[in-house]
Every structure is written in C-alpha cells, then in structure tokens.
Amino acid sequence: MNIFREIPPTAGFPLHAKDFLSAFTAKVRQDDCLEKDFKNYLDVPSAHITCSGTAALYIIAKTLKEISLKRTIIIPSFICPLVPLAVKRAGFDVEVCDIEKDSFNFNSDELEAICSGRDDIAAVIINHLAGIPFDFDSIKDVVKKHGLFVIEDCAQALGALYKGRKVGTLGDFSFFSLAAGKGLTLYEGGAVLTNRMEYATAIEDKTKQLLQGNIINESMRVLQLIGYGAFYRPELFWFVFRLPEMFWDLQGKKLRAAREYFTIDFPLHSVSRFRKSVGHVTFSSLNDQIDRQRAKASDIIEGLKGLKGIRVLTEAPHDRATYPYVAVLFDEQAKQKRALEMFKNSGLGISRIYALAVSDYDYLSDFVPDRNCSNARSVADRAITLSTSFFLDQNEIDKIVQTMSHLSSSLF
Ligand SMILES: Cc1ncc(COP(=O)(O)O)c(C=O)c1O
C-alpha cells in the first residue's frame, strides 16, 4: 500500500508524453486549432481561448458593458468566488440570488422578486455546477419578462446536455474553464463563446484587446502544464495537492488550503499555440472521457441508492450530466463533518464543493452584497464530493460506497 496514493478529487484528464509530442507536430500547430474544436463541438459562431475561465467571463462582462446600459449582474449564491471578482472588475455591481433547497438551480421566485421593480439588471449568470445542467426552463419567463442577457458558467460542464442541447449554447454568452482538474486542461485556461452572431465580432475584438502576449506568464503556464502531465497521477498527486493544503492549514489559512482564496487582479494574457495544441490533441478524447466519468458516477450513484440521510444530486431524466465528481448532500451538517473526518487521509478523492455561500466570504465583502443565502449556506454545510477520476478503480469505488453505507447506518 502506498500511503501517498491520492486520487484527484475531480476528473481532470490525464496528459501523456505523447500528447505533448503530438502538440509539436506541424498538423496541429495552427493558432486556432482549439477555437475550431469548440466551435465545431458546440456549433456556435464564435469561440476564443483565454488564459482562464475567469478571464473569459471578464471578456463577456466587458463586452456586455458596451451592449447594455444596465450595470448589475445576478450570480447564484453557490458559485466559485472568482465569478463575482470578474463581474466587479469589469465594472458591474453584483447581486446574489439564492439557490433552491437541495439543488444548484436558482430559486426562481427569488429571481423574479430581485428583478421586479429594478431596471439596473443587465444579465444573470447560470451555473452548470458539478457538470449537472442548470434547469434553464425554470428561469426562462423571468429572463424574457425583464429582458436579461444570460451568461452560462460552464466551467465544470463541457459536454453536458440540457434537454438534448449542449450547455454553452442555451444563453447569449458562455464560458468554460480549462484549469487543472476541470477535465480538458491547459493547466490554466478557458474559452469564451457566444451563440449570438451579432455579438461574435464584439467578443473577438474584446478578446484581442484584453488578452495580449505575456511571455513570462505564458512560459510559466507551459512549465505548469508539463508539470501537470508528470504529477497528475495517484502516485505523485499527494505532493502537489495535499502538501500545499497542509502548508496552508498549518498557517491557519483555511480558504487558501481549500483553494478558495482569490484576488481581483487575476492574470490576463493570451495563450500560446503550444498550449492550445495540447488542448486540441486531447479534445478528440473528450467524449470517451465523459463516458468513463459517467460510468463511474453511475456505479457510485447506484451504490448510494437508498442510503438513509444521504441524497445524491443527479441529472434530470432529459439531461446528460458530465459528473466531474458526484455531489452528495447529507441531511445534517454534523454528518458532513463526520464523513470528511472519516475520509481524511484515505486518498480516495473525497472533498467538498465550496466552503461557504458566496456572500459569506469575508474577503469578498467589498464586492458581494450581504444577502441571506440560507439554501447555499445549507448546501455548503452538508455537501461532500466523490471523485469520478480516470484513476479511480472499482476497488476504490466499492470502498467509498462501503464507507458511506457504514456512515449512513452508524449515523442514523
Ligand atoms: C463554477 C466555476 N466558475 C468559474 C470558475 C473559474 O474558472 P477558472 O478557474 O478557469 O478561472 C470555476 C473554476 O474554479 C468554477 O468551478
């Protein structure tokens, strides 16, 4: 037994030496190879590769600023803290709408209440969290009534389908994350897309204007991507994942340990042809990887079926989630704590989504209004995530299911 064996908590795609070698070959070394992959895969008029998902959202918001005179964007209460930072940096105010109880969808009554009587709301960001398609139809009427733009946060959901339509093509603008652990990866990267032909040129112009070459940043990312290829495997992942976490924990910096501390001066620069080529090479395995993730998720979901006090968040019957991890909700906070304690040091890739509702991060208090997001708070306090990593084997899935089943019977 290797005590350092560590399964990554999310299903990042592995990268091999042959992928890097292929990226050097003349055939794939076209500057727009990865843009074309996104465009073809999603069948949208415009797609651009960015240095992060956050930068992609920033480009969308800066573009929106020239299209709309309204200056507020609504975000969900349970979302990556980078989202409000991008919105704010682009010059918009942030408004927060709580999610529903026990789901990542908006509470649509609250969304309507926020929008009615206000004329400053330009857009709403919907989030396909955990690769589970957001229920777009539940907000359609509010969006139409108040003339809102819809921005899709597809950071965790490349390849997911909502009622047969690929996420990223439901709203007016969308963005994807290509960060480490997000499936297809450039180590740090993203994609900005629009489904609206009339805004394609504006997005392209903004991307060119805001993302300029930066040789130092980009060289660093190339090295990090090569490092990812070497270390993103269970034998070595502990050293790049748990070790930094332990370092921050020892310093008492819980949010840094959880990788939930960010600043508004996130990097903005263009992505080199080499990194895009690596993304292009791996794009061809996207559907296979998603099928593999879904098969693992399905084993986990089946294994947890009927366990008392445990609820698994799953796709709706008409949708296809990508499940980069499986999100599980306990019925009480104490049970989440106990589960995290039991799985600590197991190396089985058990983690949590976000520690807090977005309005509860102290360091965001200048950017995010203080709202009572009780449903998001409750989800943060009760959720854990189970990995669907490429590296997770059947024995490990069985062990996870067994431990959850013990937890369920001992706790209730
Ligand atoms: C839901 C969600 N939105 C936005 C982001 C930001 O993406 P990136 O890390 O590529 O900037 C992330 C990634 O952490 C995310 O998970």
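Described in the following lines is the structure provided in the data block.

Analysis parameters
- Within each chain, residue numbers correspond to sequence positions counted from 1 in written order.
- The model is predicted, so local features are restricted to residues of pLDDT at least 70 and side-chain atom pairs to those at 80 or more, both for listing and for counting; the totals for chains, interfaces and linings are taken over all residues.
- As a convention, hydrogens and water are excluded, and side-chain values are obtained from all of the structure's heavy atoms.
- Working definition: residue near molecule or strand if any one of its non-hydrogen atoms lies within 4 Å of it.
- N or O atoms closer than or at 3.5 Å make up a polar contact, with two conditions inside protein: a donor-capable atom paired with an acceptor-capable one, and, for residues adjacent in sequence, both atoms drawn from side chains.
- Using the Shrake-Rupley algorithm and a 1.4 Å probe, accessible areas are obtained, with residue cover drawn only from the displayed protein chains.
- Here a strand is any run of E in DSSP of at least two residues, a helix any run of H or I of at least four, and the numbering for each starts at the N terminus.
- Throughout this entry, Asp, Glu, Lys and Arg are counted as charged residues, while Ala, Val, Leu, Ile, Met, Phe, Trp, Tyr, Cys and Pro are counted as nonpolar. The remaining residues, Gly among them, count as polar.
- Here, a salt bridge means any Lys or Arg side-chain nitrogen found within 4 Å of an Asp or Glu carboxyl oxygen.
- Between buried and exposed lies partly exposed: a residue is buried under 20% and exposed over 50% of the maximum accessible area for its type, with that area taken using a 1.4 Å probe on protein chains only.
- Axis definition: a line fitted to C-alpha atoms, limited for helices to the stretch in contact. Angles are taken between N-to-C directions and run from 0 to 180 degrees.
- Each angle gets one of four labels, with under 35 degrees taken as roughly parallel, over 145 as roughly antiparallel, 65 to 115 as roughly perpendicular, and the rest as oblique.
- For any helix crossing, the convention is left-handed if the near helix is rotated counterclockwise from the far helix by under a right angle, and right-handed if that rotation is clockwise.
- The contact criterion used is simple: two residues touch if any of their non-hydrogen atoms lie within 4.5 Å.

Take the site of the ligand next. Inspection of the region around the ligand gives 17 residues, with Gly53, Thr54, Asp153, Ser177 and Lys182 positioned closest. Residue threonine 54 places a side-chain N or O atom 2.5 Å away from an oxygen atom belonging to the ligand. Against a free-state accessible area of 390 Å², the protein chains account for coverage of 91% of the ligand. Only α3 (53-67), α4 (82-89) and β8 (173-177) provide two or more residues apiece to the shell around the ligand. Tallied by class, the residues present in the shell around the ligand amount to 8 nonpolar, 7 polar and 2 charged.

The full count for this structure, using the stated rule, is 30 salt bridges. A single network of salt bridges, built from pairs that share partners, joins Glu6, Arg242, Glu245 and Arg259.

This part is about the environment of tyrosine 228. Along the chain, tyrosine 228 turns up in helix α8 (residues 215-231). A relative accessible area of 5% places tyrosine 228 in the buried class. Along the chain, tyrosine 228 and valine 150 lie 78 residues apart, while their C-alpha atoms are 33 Å from each other.

The next subject is the packing of helix α1 (residues 17-24) against helix α11 (residues 273-283). Running from N to C, α1 and α11 cross one another at 120°; their axes reach a closest spacing of 8 Å. When the interaxial angle is binned, α1 and α11 end up oblique. The interaxial crossing formed by α1 with α11 has right-handed handedness. Residue-level inspection shows Asp19, Phe20, Ser22, Ala23 and Phe24 of α1 in contact with α11, the latter providing Phe274, Ser277, Val278, Val281 and Thr282. Within the contact of α1 with α11, the residues separate by chemical class into 6 nonpolar, 3 polar and 1 charged.

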